[in-house]
Amino acid sequence: MISLVIGLPKPSANSKPHATFCTPPTSHRQREECEGRTAETGKVLSMPAYATNMRLKFPILALILEAVTIIVYALLVVYDTSDSHRHDGSHAETNASHPSSPMTLYPSKYHKYMFCRCAYQDVHVMIFIGFGFLMTFLKRYGFSSVGINLLLAAFGLQWGLLLQNIWHLHDGKIRVNIERMINADFSTATVLISFGAVLGKTSPVQLLIMTLLEITVFCINEHLVVEVLKVSDVGASMTIHAFGAYFGLAVARVLYRPGLRNGHENDGSSYHSDLFAMIGTVYLWMFWPSFNSAIAEPGDAQLRAVINTYFSLAACALAAYATSSLVEKKGKLDMVHIQNATLAGGVAVGTCADMDIQPFGAMVIGITAGIISTVGFKFLTPILASKLGIQDTCGVHNLHGMPGILGGLAGIVAAALGKKEKVSATSQACGLASSLGFALVGLIMKIPFLGQPPDQNCFDDSIFWEVPEEEEEHEERLTHGDYSKNKAEA
Amino acid sequence: MISLVIGLPKPSANSKPHATFCTPPTSHRQREECEGRTAETGKVLSMPAYATNMRLKFPILALILEAVTIIVYALLVVYDTSDSHRHDGSHAETNASHPSSPMTLYPSKYHKYMFCRCAYQDVHVMIFIGFGFLMTFLKRYGFSSVGINLLLAAFGLQWGLLLQNIWHLHDGKIRVNIERMINADFSTATVLISFGAVLGKTSPVQLLIMTLLEITVFCINEHLVVEVLKVSDVGASMTIHAFGAYFGLAVARVLYRPGLRNGHENDGSSYHSDLFAMIGTVYLWMFWPSFNSAIAEPGDAQLRAVINTYFSLAACALAAYATSSLVEKKGKLDMVHIQNATLAGGVAVGTCADMDIQPFGAMVIGITAGIISTVGFKFLTPILASKLGIQDTCGVHNLHGMPGILGGLAGIVAAALGKKEKVSATSQACGLASSLGFALVGLIMKIPFLGQPPDQNCFDDSIFWEVPEEEEEHEERLTHGDYSKNKAEA
Amino acid sequence: MISLVIGLPKPSANSKPHATFCTPPTSHRQREECEGRTAETGKVLSMPAYATNMRLKFPILALILEAVTIIVYALLVVYDTSDSHRHDGSHAETNASHPSSPMTLYPSKYHKYMFCRCAYQDVHVMIFIGFGFLMTFLKRYGFSSVGINLLLAAFGLQWGLLLQNIWHLHDGKIRVNIERMINADFSTATVLISFGAVLGKTSPVQLLIMTLLEITVFCINEHLVVEVLKVSDVGASMTIHAFGAYFGLAVARVLYRPGLRNGHENDGSSYHSDLFAMIGTVYLWMFWPSFNSAIAEPGDAQLRAVINTYFSLAACALAAYATSSLVEKKGKLDMVHIQNATLAGGVAVGTCADMDIQPFGAMVIGITAGIISTVGFKFLTPILASKLGIQDTCGVHNLHGMPGILGGLAGIVAAALGKKEKVSATSQACGLASSLGFALVGLIMKIPFLGQPPDQNCFDDSIFWEVPEEEEEHEERLTHGDYSKNKAEA
């Protein structure tokens, strides 16, 4: 009895009915033991052998990617400073609705520079703190959530900046400025959304490869949608949120794990992990107006984008709280809903954020998104998992998928109603279809041999991280009742 | 013995002497059980029956409030974009010291826009992260602190924007711009301060109604003080901090709970909850210069507001640390003081932040506030609770009440000394009196049947939130010594 | 057996072999008991008597320092507002590469003001949240990390503003503006870096004195390097990072504790303390571009500083993850590396951040810093402790020391290659030598009688803070198995 508590597996554990998997781990040390056994012998599993040791493949992959990136940067990337001919058209925007304006007066130029700088900083916080901490809700997966988030975004922004601007070379060079750094940050958001769908079930190696692939596909779709089809998607409901969510769900589908059908011991939150996640939620909520307005046309369009997002989120929050209470037994609030559905208004208002939909229009979009998202968490996510084999860890379908589509649809309606000049409802519909279509590329992400953890080690930092052992010592002491006696035995 | 540890109440618990209340809860599951019993039978309590089930009343209230808000917005609220005649005087400021300036030159206009945008973002962080996390210090009330904070502020900013601008319609419309969003955020601060006084003892339904009422009263007082009496209160020491604190204390008075006279098991912090609270403290501390300068006149006045607040807070921090050590046994620091009293300098310098009091003047105000606030926590809060029946959970009297009055008094002195043009000491005194007078409206907030929790469920998230059960399982495992055996029993 | 678990020391504990020190503490209450005993009797220790009671000396020191500061401010410090002749040259910069420009046009002036304001806010966040939470990684030292960080920075910025500007009086006055507040924040960074080296082993009294001394030395070196030698060090790799690190290591050397040779029970992290630390890491990582560009020349130089830092950090992150996995057994990631080494790129690119090194040059610096830093944590820190007697709690040598020197060297190379006008390689080398030389002043910080904690109370908040007791009660309950029974016994 004591042996298990102090972290050693019982010798007879493997002969029990559920011996195909290790007994649910009760401590970090035991989890490690369990993982070690499967990694070395591979016998107790009927699935393909797992090679979760990253010693060589992860460092080599990361260093090669970085080395190649640096070489390409040395060849292609320069500052967009005035001495590198910044006035000869290099300011053409990724957003088609944003005409280049080399003739702008001084104030407007500085205004734009300062606006970009502030917006860049806010978006940066959303990417690294917002997404990173939002995913720390899992009780034993906080290191990976915030740590791997940082890794993927740090690589992704380098890769995204290259691919987004490869279409706009000037004198064979990519000229970096703040606005392009914002767009590079944006490109990483797609990966971080997809990361949410497969959280806890993938290795850093797989995720780096997914980053490389997904950002490539994103840049192709974004170019097609924004530059070719001239679609208006200032807050990227379609090109980032819907695309990222369905790409992630496609990956989750091909990596489906029957062994997790009945849930997993660690696939849940703890009290403090939920509070850490709220740091992410609140930052995303607060800075979303910057996200949706960051690449909007300076002036009225930008102001509209800020105001619409502000009110959409406020209305969405009320709706999410109300719906959460309505669908839960005894009317209690559910942290999962609060952490996620309160943000759906920011996603859903993205496409028409800079359009003339008026504050109440934004609020109607927000309230709808809040209700849909909460209902999705309660009723749709379990069905996706059981019927379609899509195990969506963070429920990105409810936060980014459905609200992203809602945003696309709202954009079509707004375009049809003439809420923005030079934007056609047909183009908008094509943009949505294209974003959803390209997301299916996620289905090719079947790369199980790249360090994917076995089922019983899912949702557990200790398979890829050194984890402090203090908890076991604490348990040990409680059980033995005497610290020094325990030490003497060791 | 084991039964209690695994979270089931002992059958004989109700027959014990203190059976009027449940035995102090030891686990989330048990607390829920306890609450269920009282909610269903209502027998064991001599107080009015508690109806803490929010299933219908909370969602209905929230959705009705939001629906009404959206309808009013559809009728009244438009963007303050240039195409809606932004130059025809719609920039009249809430702050009387801030003349509308339709003739401003380009640079100044952009300067103001950018300043507002940065200040708005900083104030937003103070409202949602600052206030939200500051209140997470309670060991089992973090979900409510940061979650209900978000709910109240999200509703409050919509309501505040309406009421603050209903006095300044143009063509029958309220024109939203960034500055008005800052003021809307400000209006929610009053509610969040009052929330601190009643933290842990109220339901979301009560709090939503308090938000509606308090912001209404705040807007009336603010209009009277700033527009009619022409009082200078750029950092809102009087209209937000003193008003919000005494409004909250009035509510705490009418909701006095004799059953909590001797404290409550959960009315305290844990090590990590104190660290979460420090996130709130540090954000408030860092961004307070933006709060006090956000609606200051661009230029010198704004710069003074930033500098005065910066130095007041720095001096206040030293004073709070020194006083905390001085009043505690063995000279130790007390987290409650550090979390709160370090901020009192920001409150107290608010009224004269934009006045010409020089850095050392701000530092004198800051050091005074830090000492008063710390001494208040140590000696005054217990007296308020025992003698006056005011149970002030977060000690808002020490952080916002007394420092707010100090700020008002400093403003009177500064006005008398001519530190700001066109500001009279008499008006300032009237502004302080008015703010304190209107705060007494809090005394009518006696609405005990709206889901108010029974005494034993105070300071506990699990009465209104689904709370992760991992802790109990953990305890279970420790007690049973074997996870799978335990599962088999279940 | 039970007695120890509930927090009381065993009576016979002192007779055991390791009785010279208390038995490793298992609970806050016990730790306090232990400390109390040593503080009162002093018998069980062979070292000098410890007087950790701060009741009088800490408040008196803090209040005297603050009072003196206020008096000096009253005599010397005024606002840099237009009415105090701001145009007469008072804008001379601390950074020598930054000529004063009283003739600048309106847009540029506002641009600079707004840029400074944004940069100031970002730097402020790095100082108070970044450094503060980065150090919360220790399992029982979070209060001190974030709390004493606030105390030292709050005092340091007042002191730093005085000493940095005492060289530039105008009409006998120091004129405060936003840029000088940024520089004041910078000066505190040196102290916070040094604090990391001695974290857990010093008292607030010692640290306040260290702040006073270190900022004084910093200001002398900064004046010499930047104003006299005309060294370019826009991101302060040499004057802040290398200086602060080696100053701290010098202090750690003179405060060497043989009793901690074999480690300490509390000198490690816990799962949640590591997550709190990641808040600090991510904020530092995100805002470092503002740190390195805050005092750069507006325009191209500023843009280069932002871009170089952005890419250096991105490349550094990849390198840190790769190297961490490479040097750890089984290829796992180590939180210590991720928390620190990912930031080394920001330090190392500091000196040449505003130079024309192109993005790929910044990435090469970043990747080098990430590798050096991680390798330093793994192999060098243990050697420093065992061979040189330098116990570097946070590993500041790896995050600030070596990357700071790397930054200095990169600056010499860049200067030699002509990457910035009017900057000579010789001057740069002198700047590095000067910064390292002045850091040796740290060796005089031998002040062991100012409340330094005894070895067994190191890394433990409870010696200087009131710490919540909930943990013990929890343990008690678990052990006794019955809450009310336990109460009855008490």
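Everything quoted here is computed from the prediction, not taken from an experiment.

**Some words on the UniProt feature "domain: Ammonium transporter AmtB-like" (unreviewed entry) in chain A**
Thought 1: According to UniProt, the "domain: Ammonium transporter AmtB-like" (unreviewed entry) feature falls on residues 120–425 of chain A.
Thought 2: Secondary structure across residues 120–425 of chain A comprises 72% helix and 1% strand; the distance between its end C-alpha atoms is 30 Å.

**A few points about the interface of chain A and chain C**
Thought 1: Contacts between the two partners involve 82 residues from chain A and, on the opposite side, 72 residues from chain C.
Thought 2: A buried area of about 7,000 Å², summed over both sides, lies between chain A and chain C, and 70% of it is on carbon and sulfur atoms.
Thought 3: When the area that chain A buries against chain C is broken down by residue, the three leading residues are Tyr79(A), Phe276(A) and Glu466(A), summing to 11%.
Thought 4: For the pair chain A and chain C, the number of links is zero salt bridges.
Thought 5: Our count for the chain A to chain C interface comes out at 18 residue pairs in polar contact (both at pLDDT 80 or more).
Thought 6: Here the element with the most residues in the side of chain A that touches chain C is helix 4 (residues 106–134) of chain A; it accounts for 13 residues.
Thought 7: Within the side of chain A that touches chain C, the residues separate by chemical class into 46 nonpolar, 19 polar and 17 charged.

**Points about helix 14 (residues 396–416) of chain A**
Side chains that are three or four residues apart share a direction in an α-helix, a result of its 3.6 residues per turn.
Residues and elements named next belong to chain A.
Thought 1: Its 21 residues place the ends of helix 14 29 Å apart at the C-alpha level, agreeing with the 30 Å of an ideal helix rising 1.5 Å per residue.
Thought 2: Of all 21 residues in helix 14, 17 are buried, a share of seventy percent or more.
Thought 3: The first or second residue beyond helix 14 is Gly 418, which carries a positive phi of 75°.

**Digging into the packing of helix 3 (residues 57–76) of chain B against helix 5 (residues 142–165) of chain B**
All names here are of chain B.
Thought 1: Interaxial distance between helix 3 and helix 5 falls to 11 Å at its minimum, and their mutual angle equals 30°. What the angle tells us is that helix 3 and helix 5 run roughly parallel. The chirality of how helix 3 crosses helix 5 is left-handed. Along its contact with helix 3, which presents Phe 58, Leu 65, Glu 66, Thr 69, Val 72 and Tyr 73, the element helix 5 presents Leu 151, Phe 155, Leu 157, Gln 158, Leu 161 and Leu 162.
Thought 2: Of the residues in the contact of helix 3 with helix 5, the class split is nine nonpolar, two polar and one charged.

Cut-offs used in this document
Residue indices follow the written sequence of each chain, beginning from 1 at its first position. Just so you know, chain letters begin at A and ligand numbers begin at 1, following the order they were written in. It should be noted that, the model being predicted, local features are given only for residues of pLDDT at least 70 and side-chain atom pairs only at 80 or more, the latter also being counted only at that level, while totals for whole chains, interfaces and linings use all residues. Derived side-chain values reflect all non-hydrogen atoms in the structure, with water molecules and hydrogen atoms excluded from consideration. UniProt positions are given in the numbering used here, feature names are shortened, and annotations may be inferred rather than shown by experiment. We count a stretch as a helix when DSSP gives it H or I for four or more residues in a row; a strand needs E for two or more, and each element gets its number in order from the N terminus. Any pair of residues with heavy atoms lying within 4.5 Å of one another is described as a contacting pair. Accessible area, probed at 1.4 Å, shrinks when two parts are joined; the buried area is that loss added up over both. We define a salt bridge as a side-chain nitrogen of Lys or Arg found within 4 Å of a carboxyl oxygen belonging to Asp or Glu. Any N or O atom pair separated by 3.5 Å or less is treated as a polar contact, with the protein-specific requirement of one donor-capable and one acceptor-capable atom, and with residues adjacent in sequence counted only for side-chain atom pairs. Residues are grouped as follows: Ala, Val, Leu, Ile, Met, Phe, Trp, Tyr, Cys and Pro are nonpolar; Asp, Glu, Lys and Arg are charged; all remaining types, including Gly, are polar. By this rule the span expected of a helix is its residue count minus one, scaled by 1.5 Å. Burial classes follow relative accessibility: with a 1.4 Å probe on protein chains only, a residue under 20% of its type's maximum area counts as buried, one over 50% as exposed, and anything between as partly exposed. What counts as an axis is a line fitted to C-alpha atoms, over the stretch in contact for a helix, and the angles between N-to-C directions run from 0 to 180 degrees. Roughly parallel means an angle under 35 degrees; roughly antiparallel means over 145; roughly perpendicular covers 65 to 115; every other angle is labelled oblique. Two helices cross in a left-handed way if the nearer one is turned anticlockwise from the farther one by less than a right angle. They cross in a right-handed way if the turn is clockwise.

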